[in-house]
Amino acid sequence: MLVTELKCSAALEEKLAARTAKAGIIGLGYVGLPLAVEFARAGFTVTGIDVQESKVAHLMAGDSYIQDVPSGQVRQLVENGKLRATTDFSAIAGLDTINICVPTPLRKTKDPDMSYIVSACNEIARYAHPGMLVILESTTYPGTTSELLMPMLQRPDLRVGEEIFLCFSPERVDPGNPKFQTVNIPKVVGGITPECTRLGALFYKQALETVVPVSSTEVAETVKLLENTFRMINIGLVNEMALMCDRMGINVWEVIDAAATKPFGFMPFYPGPGLGGHCIPIDPFYLSWKTRQAGIEARFIELAGYINGHMPHFVLDKIQGALNEHTKPLKGSHVHIMGVAYKRDIDDVRESPALDIILLLQKRGARVTFSDPFVPALRDHGVEMEASDPARAVSEADCVVIVTDHAQFDYGSVVESARLIVDTRNALKKYHSDKIVRL
Ligand code: SAJ
């Protein structure tokens, strides 16, 4: 190693160990903000950078817009100078570490949309300097860090692994999880070179409880995709079980509950109205996109994607069939949707199957209303609706459909006052009535 390289690595190591390194986070969403707060709480001076003025203004006013980050924590860190936010990317020039926590959506063609990562990387390249640690956290296909980021950052005076250090570390934030938050979720990190991995691991060790170094950025990128593909495929399996049990007249919920008594070698997943969220329906297609480039089809992913994507249509059939039993055509019937968030007890409607179900019902001429304690209105995916009063809508509707099983719904009164209920989440497990139709 040349003296300058040693100087860069040693100097950075010293700053990381002493927590005097100036840390930067690009993207202050449900991943970036909790991470910024953890590094600030650990003693680093942290600069959060986001393109949205509103996020920056909220944070500088000591106001958190992320459910898991208390405003009091933000206010205290901003007041004691440990945390600041800005839209000005030139701040990177004064930083020693940068974590990139920007969205990686899929295009309609199911191809990865790398535009956010590329834009962040262009800004880093403008201000990067020797002795900098850059870590990509956004979920992406294996090879992104080495094939896309490295060429954008590397220069003769900024050789990766010598003057600049580049890693990938998958984000594992589970919004609303009462037990696992950023600080106590094991953190996997892999670098372009062993020195990159070592410095990346050292950095996380200053703020997080458990760090898991791996041998490359590709391994770290693929870890995340395996984690979420595992979920997506198992949800697809259990959704297919629901379709099969429905055809055989078997209660799939009872089957799963009984199977879950097996103390080893089984992990319960549950059927539902479809797959929502910004991770599970999307991450596996980053893997299948990349494997296709490598000449191998990810058939499990494609099949699970098809089955999960079919579930809103299956729910529609259940609703149509249930109304039919009451000699009511779907057309002109009032169908009330209970819960539109993509999973219980959160307010996020991204990719929510409720949106698909609403559109399918409207296409067939049903009059659709919804209520969700966390969602006052829908302005997404071509659905423009204000929430209805739940008690009134439930009693007036020809059919009530439980799409998201929020804990705070009063299921007892729903069973009492509804004429007909399609339960897609087994939320009415303990109720027995002919008016309940289960998935
Ligand atoms: N779902 C089912 N059946 C199941 C589980 C989930 O239909 O048995 C549906 C949910 O209703 C939702 C979708 O799948 O629409 C995704 O649900 P999820 O429980 O996987 O929740 P997410 O999307 O918030 O996933 C996140 C992920 N976290 C990260 O990527 C860091 C995932 O890795 C976590 O395992 C998951 O939270 C979690 O366990 O809560």
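Owing to the predicted nature of the structure, the values given are computational and were not obtained by experimental measurement. (Residues numbered from 1 in each chain as written. Predicted model: local features only at pLDDT ≥ 70, side-chain atom pairs only at ≥ 80, totals over all residues. Heavy atoms only, no water.)

Turning to the overall build of the protein, a few remarks are in order. Scanning the protein from terminus to terminus reveals 14 helices and 15 strands. Counting only C-alpha atoms, the protein reaches 85 × 50 × 40 Å along its principal axes. Per-residue burial over the protein gives 53% buried out of 439 residues. About 19400 Å² of surface is accessible on the protein, with carbon and sulfur atoms providing 55% of the total. Averaging the locations of the 44 positively and 52 negatively charged side chains of the protein gives two centres separated by 1 Å. (Helix = DSSP H or I, 4+ residues; strand = E, 2+ residues; numbered from the N terminus. Buried < 20%, exposed > 50% of the residue type's maximum accessible area, 1.4 Å probe, protein only. Areas by Shrake-Rupley, 256 points an atom, 1.4 Å probe, with all protein chains shown as cover. Lys, Arg positive; Asp, Glu negative; His and termini not counted. Charge placed at Lys NZ, Arg CZ, Asp CG, Glu CD.)

Read from one edge of the open sheet, five strands run β10-β9-β13-β14-β15, paired in parallel fashion. Where the open sheet ends on each side, the last strands, each with one partner, are β10 (367–371) and β15 (436–438). On average, adjacent strands in this sheet sit at an angle of 20 degrees to one another, irrespective of strand direction. Two strands pair when backbone bridges link them, and strand β14 (residues 421–423) and β15 are joined in this way by three bridges, in the parallel orientation. (Pairing = 2+ DSSP bridges. Axes fitted to C-alpha atoms, helices over the stretch in contact; angles between N-to-C directions.)

What follows deals with the layout of surface pockets. In this model, the second largest pocket occupies a volume close to 1400 Å³. The wall of the second largest pocket is formed by 42 residues, among which Asp174, Arg231, Ile235, Ile280 and Lys343 lie closest to the centre. Looking at the lining of the second largest pocket, the elements with two or more residues in it are α8 (217–248) and α9 (252–259). Considering only residue class, the lining of the second largest pocket consists of 18 nonpolar, eleven polar and 13 charged. Split by domain, the lining of the second largest pocket shows at least three residues from each of two domains, domain 1 (3–215) and domain 2 (233–438). (1 Å grid on protein atoms, 1.4 Å probe; cavity = no way out; pocket = protein on both sides within 12 Å on 5 of 7 lines; lining within 4 Å. Points joined across faces, edges and corners; volume = space filled by probe spheres on them. Nonpolar A, V, L, I, M, F, W, Y, C, P; charged D, E, K, R; others polar. Domains from an automatic or database assignment.)

The next thing to look at is the packing of α8 against helix α10 (residues 283–293). The geometry of a pair of packed helices is captured by two quantities: the angle between their axes and the separation between those axes. One way to put it is that α8 packs onto α10 with a least axis distance of 8 Å and a crossing angle of 115 degrees. One element, α8, and the other, α10, form an angle in the roughly perpendicular class. Two packed elements cross with a definite hand, and for α8 against α10 that hand is left-handed. For the pair formed by α8 and α10, the contact residues are Lys224, Leu225, Asn228, Thr229 and Met232 on the first element and Asp283, Pro284, Phe285, Tyr286 and Leu287 on the second. Taken together, the residues of the contact of α8 with α10 break down into six nonpolar, two polar and two charged. (Parallel < 35°, antiparallel > 145°, perpendicular 65-115°, else oblique. Left-handed = near helix turned anticlockwise from the far one by under 90°. Contact = heavy atoms within 4.5 Å.)

On to helix α7 (residues 194–205), then. Between its terminal C-alpha atoms α7 stretches 16 Å, which fits the 16 Å expected from twelve residues at 1.5 Å a residue. The element α7 is largely enclosed, with a buried count of nine among its twelve residues. Residues of α7 that are buried include every one of Glu195, Cys196, Thr197, Leu199, Gly200, Ala201, Leu202, Phe203 and Tyr204, and no others. (Expected span 1.5 Å × (residues − 1).)

Attention now goes to the sheet that holds strand β4 (residues 97–100). Within the open sheet, the eight strands sit side by side as β3-β2-β1-β4-β5-β6-β7-β8. Their pairing is mixed. Looking along the sheet, the strands with just one partner apiece sit at the ends: β3 (83–86) and β8 (211–214). Along the sheet, successive strands turn relative to each other by an average axial angle of 25 degrees, direction set aside. In this sheet, β3 lies alongside strand β2 (residues 45–49) in parallel orientation, the contact comprising four bridges.

With that settled, the discussion passes to helix α3 (residues 53–60). Buried within α3 we find Lys55, Val56 and Leu59. For α3, the angular spread of the buried residues around the axis is 95 degrees, confining them to a single face. In this structure, the buried side of α3 is in contact with α2 (32–41), α4 (71–79) and β3. Just beyond α3, the residue with positive phi is Gly62, at close to 75 degrees. (Arc of directions from axis to C-beta.)

Moving on: a nonpolar patch on the surface. Taken together, Met244, Met248, Ile250 and Val255 make up a surface patch of nonpolar side chains, about 340 Å² in accessible area. Checked against the element boundaries, Met244 lands in helix α8. (Patch = residues over 30% accessible without salt bridge, like charges linked within 9 Å, V, L, I, M, F, W, Y side chains within 5 Å. Salt bridge = Lys/Arg side-chain N within 4 Å of Asp/Glu carboxyl O.)

As a structural note, the neighbourhood of the ligand is formed by 18 residues, with Asp174, Lys224, Asn228, Tyr270 and Tyr342 the closest of them. Here Asn228 contributes a side-chain N or O atom positioned 2.6 Å from an oxygen atom of the ligand. Between the ligand and Arg231 there is a distance of 2.8 Å, counted from an oxygen atom to a side-chain nitrogen or oxygen. Across the complex, the protein chains shield 85% of the 740 Å² of accessible surface that the ligand would expose by itself. Judged by the proximity of its atoms to the pocket grid, the ligand belongs to the second largest pocket. (Near = heavy atom within 4 Å. Polar contact = N/O pair within 3.5 Å; in protein donor to acceptor, adjacent residues only side chain to side chain. Sits in = over half its atoms within 2 Å of the grid points.)

A ring pair, where both rings are aromatic, is described by two values, the distance of the centres and the angle of the planes. Scanning the model with the defined rule gives eight aromatic pairs in all. Note on Tyr141 and Trp289: the rings are 4.7 Å apart at their centroids and 50 degrees apart in plane angle, and the pair reads as tilted. Here Trp289 lies in helix α10 and Tyr141 lies in the loop between β5 (132–136) and α6 (144–153), a separation of 148 residues in the sequence. Across this residue pair, the class does not change: Tyr141 and Trp289 are buried. Judged by centre distance (5.9 Å) and plane angle (75 degrees), the rings of Phe409 and Tyr411 are edge-to-face. Looking at Tyr411, the relative accessible area reads 11%, which means it is buried. Put simply, the rings of Phe39, Phe44, Phe203 and Tyr204 touch in pairs and so form one group of aromatic residues. Here the basic side chain of Lys110 rests over the ring of Phe285, its NZ or CZ set 4.4 Å away from the ring centre. (Phe/Tyr/Trp six-rings, centres within 6.5 Å; stacked < 30°, edge-to-face > 60°. Lys NZ or Arg CZ within 6 Å of the ring centre and 35° of its normal.)

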